[in-house]
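# Summary of the model geometry
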Amino acid sequence: MHRCLLSFADSLQDIVVTWSTRSSTNQSLVNFAQDYVHDALSSVSGSWQFFQDGGKQGRSQYIHKVTLSSLKPNTHYEYSCGSDLGWSAVYSFKTPPAGEDWSPSLAIYGDMGNENAQSLARLQQDSQLGMYDAIIHVGDFAYDMDSNDARVGDEFMRQIETLAAYVPYMVCPGNHEEKYNFSNYRARFNMPGDGDSLWYSFNMGPVHFVSFSTEVYYFINYGLKLLTKQYEWLERDLAEANLPENRAKRPWIITYGHRPMYCSDDKEYDCNAKLETYIRKGLPTLEWFGLEDLFYKHGVDVEFFAHEHFYTRLWPIYDFKVYNGSAEAPYTNPRAPIQIITGSAGCNENREPFSKDLPSWNAFHSNDYGYTRLKAHNATHLHFEQVSDDKDGQIVDSFWVIKDKHGAYN
């Protein structure tokens, strides 16, 4: 039962390989080379952990983790994972270039399930064509990973192996991962840092990516300590990323978390009558832990969310006010962060309709199944596309964000 999944470690030249087996193997090995057949194979050993699902059957598996360290930049590698008791097929990946002076391309989406994973086949084609340097899945997997005593989670990992065994698959938790204190999510994915894959950051070309959990604002039955710990980590991470010397090297700061900060539809169940969210403002008794002021203060450029099963591009927004760069070019030198909701990859809850009256901050919306592409061209230009699976891969939205200067907005 080998389901290889790649992710970045603390450096893009360090790749983590994760897989699972139903029984103990007492070994966690990855064999790899630039040419698996003709080159001498390097073998790297790692670690494993016993994981037992919280369902009635208490099904268990062994999850293995091996880090391939100090790989050559911009290099094709082939690998297999396993042990003397059995090996996976041979997969391949390409490490990113070194440094900041290159243009990463990513696919970004949330809310993709085991059933009705509409976008998966097109994403597989894109990945096999080498279109992406990484994939970001913004929460809600499988629907749900714990369902049917975690068999749905196993099947979902089999499905995404067609992507994640070839391209680093970076994730954050959504509300559908909550069962048993997010245990399936935390066991099955290995993200950088020491935040249990709940929060972390990584640098990629001219971009500093920051992943966080919106769920700490909603499932407070697991304790408020996670919320405060994450907030303090975010404050430190963003302050460091916003230092002039770091902003000069990596001018763009892009965040991703599952539940949106702004309601783009009055049907959204996380929104109260004033279209307010805990993510934006904080909990009623802990308002100082809201994220909008923190992201604004540290000059976050773009914020990705999912959760709603549609695509929405917002105008640059802060405190319910639109801060376009200008009427002619709203995304050229915008005066507030730009938010994108991309939760239409496909799941068994199907797509969601829009209200007749949409908020003034909605710039574009579509409820076609699909996913978002991001290309960070350089220090001043980002390009975004929304791919419609309903329309056979047609680009239904595309726009540039252009910034001559990065940093705090106030």
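Residues numbered from 1 in each chain as written. Predicted model: local features only at pLDDT ≥ 70, side-chain atom pairs only at ≥ 80, totals over all residues. Heavy atoms only, no water.

## Observations concerning the packing of helix α1 (residues 120-128) against helix α2 (residues 147-164)
Packing of α1 against α2 brings their axes to within 9 Å, and their N-to-C directions diverge by 30°. In terms of their interaxial angle, α1 and α2 are classed as roughly parallel. Between α1 and α2, the residues in contact are Leu120, Leu123, Gln124, Ser127 and Gln128 and Gln159, Thr162 and Leu163, respectively. For the contact of α1 with α2, a count of residues per class yields 3 nonpolar, 5 polar and no charged. (Axes fitted to C-alpha atoms, helices over the stretch in contact; angles between N-to-C directions. Helix = DSSP H or I, 4+ residues; strand = E, 2+ residues; numbered from the N terminus. Parallel < 35°, antiparallel > 145°, perpendicular 65-115°, else oblique. Contact = heavy atoms within 4.5 Å. Nonpolar A, V, L, I, M, F, W, Y, C, P; charged D, E, K, R; others polar.)

## Side note on the sheet that holds strand β10 (residues 105-109)
Hydrogen bonds between backbone groups are what pair the strands of a sheet, and the pairing can be parallel or antiparallel. Across the sheet, which stays open at both edges, the 6 strands sit in the order β14-β12-β10-β24-β25-β26 with mixed pairing between neighbours. Edge positions in the sheet fall to β14 (169-172) and β26 (394-402), since each has one partner strand and no second. Each adjacent strand pair in this sheet contributes to an overall mean axis angle of 20°, direction not counted. Sheet topology places strand β12 (residues 134-138) next to β14; 4 bridges connect them, and they run parallel. Within β14, the position partnered with His137 by the bridge is Val171. (Pairing = 2+ DSSP bridges.)

## A closer look at α1
Every buried residue belonging to α1 is among Leu120, Arg122, Leu123, Asp126 and Ser127, and all of these are buried. Axial view of α1: buried residues confined to an arc of 160°, hence all on one face. When the buried face of α1 is taken as reference, the exposed residues oriented beyond 90 degrees from it are Gln125 and Gln128. Against the buried residues of α1 lie β10, β11 (112-113), β12, α2, β24 (370-376) and β25 (381-388). (Buried < 20%, exposed > 50% of the residue type's maximum accessible area, 1.4 Å probe, protein only. Arc of directions from axis to C-beta.)

## Comments concerning the UniProt feature "domain: Purple acid phosphatase C-terminal" (unreviewed entry) in the protein chain
When the UniProt feature table is mapped to this numbering, "domain: Purple acid phosphatase C-terminal" (unreviewed entry) covers residues 336-398. Measuring from the first to the last C-alpha atom of residues 336-398 gives 19 Å, for a span that is 0% helix and 48% strand. (UniProt positions renumbered as here; feature names shortened; annotations may be inferred.)

## Some thoughts on the sheet that holds strand β1 (residues 5-8)
The antiparallel open sheet is built from 4 strands, whose spatial order is β1-β2-β6-β5. Taken across any chain shown, the strands that pair with only one partner, and hence form the sheet edges, are β1 and β5 (47-52). With direction set aside, neighbouring strand axes in the sheet form an average angle of 25°. Direction of pairing for β1 relative to strand β2 (residues 15-21): antiparallel, over a ladder of 4 bridges. Considered in β2, the bridge of Phe8 is made with Ile15. Helix α3 (residues 179-188) contacts β2, β5 and β6 (60-68) of the sheet and is inclined by roughly 155° relative to β5.

## Details of the packing of aromatic side chains
Using the criterion set out here, one finds 31 aromatic pairs in the structure. Note on Tyr91 and Tyr166: the rings are 5.5 Å apart at their centroids and 85° apart in plane angle, and the pair reads as edge-to-face. Taken as a pair, Tyr91 in strand β9 (residues 91-94) and Tyr166 in the loop between α2 and β14 lie far apart in primary sequence, 75 residues in all. Classification of Tyr91 as buried rests on a relative accessible area of 10%. The interplanar angle of 75° and the centroid separation of 6.0 Å between the aromatic rings of Phe182 and Phe219 together place this pair among those described as edge-to-face. Remark: Phe219 occurs in the loop between β16 (207-211) and α4 (225-241) and Phe182 occurs in helix α3; sequence separation between them is 37 residues. Three or more aromatic residues link up through ring pairs in this structure, and these residues are Phe32, Tyr77, Tyr79, Tyr91, Phe93 and Tyr166. The aromatic ring of Tyr218 is capped on one face by Arg259, whose charged end is 3.8 Å from the ring centroid. Positioned above the aromatic ring of Phe399 is the side chain of Arg313, whose terminal nitrogen or guanidinium carbon lies 4.9 Å from the ring centre. (Phe/Tyr/Trp six-rings, centres within 6.5 Å; stacked < 30°, edge-to-face > 60°. Lys NZ or Arg CZ within 6 Å of the ring centre and 35° of its normal.)

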